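A structural walkthrough
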Amino acid sequence: MIEDDRYCADILIQISALEGALRNFGYNILAEHMHSCVYDEIKDGNEDIIDETVELLKKLR
């Protein structure tokens, strides 16, 4: 779009859409992580995974 000299607002809208799509993808990966890895770690007695997951959530905001 930049090479085509498109209107700046159109480019910014596309960037925003991309950011939203990546954020949603990240949340999907996080949900899968929680249903598998985090669940298994808690089941095995590793409660430290909760703190790790909280820190991960802070980074994904």
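Anything mentioned here points back to the structure above.
I will try to describe carefully the structure that is included in this document. All figures in this text were calculated on a predicted structure; none of them were measured in a lab.

Applying the stated rule across the entire model yields 1 salt bridge. In this structure, the salt-bridge partner of K58 is E55, at a minimum N-O distance of 3.2 Å. Here the residue K58 and the residue E55 both occupy positions in helix α2 (residues 48–60), the gap between them amounting to 3 residues, near one helical turn.

This part is about the packing of helix α1 (residues 8–43) against α2. Packing of α1 against α2 brings their axes to within 11 Å, and their N-to-C directions diverge by 170°. As far as their axial angle goes, α2 and α1 are roughly antiparallel. Residues Y27, L30, H33, M34, V38, E41 and I42 of α1 touch α2, and the partners they reach there are I49, I50, T53, L56, L57 and L60. Among the residues forming the contact of α1 with α2, the class breakdown is 10 nonpolar, 2 polar and 1 charged.

Conventions and cut-offs
Residues numbered from 1 in each chain as written. Predicted model: local features only at pLDDT ≥ 70, side-chain atom pairs only at ≥ 80, totals over all residues. Heavy atoms only, no water. Salt bridge = Lys/Arg side-chain N within 4 Å of Asp/Glu carboxyl O. Helix = DSSP H or I, 4+ residues; strand = E, 2+ residues; numbered from the N terminus. Axes fitted to C-alpha atoms, helices over the stretch in contact; angles between N-to-C directions. Parallel < 35°, antiparallel > 145°, perpendicular 65-115°, else oblique. Contact = heavy atoms within 4.5 Å. Nonpolar A, V, L, I, M, F, W, Y, C, P; charged D, E, K, R; others polar.

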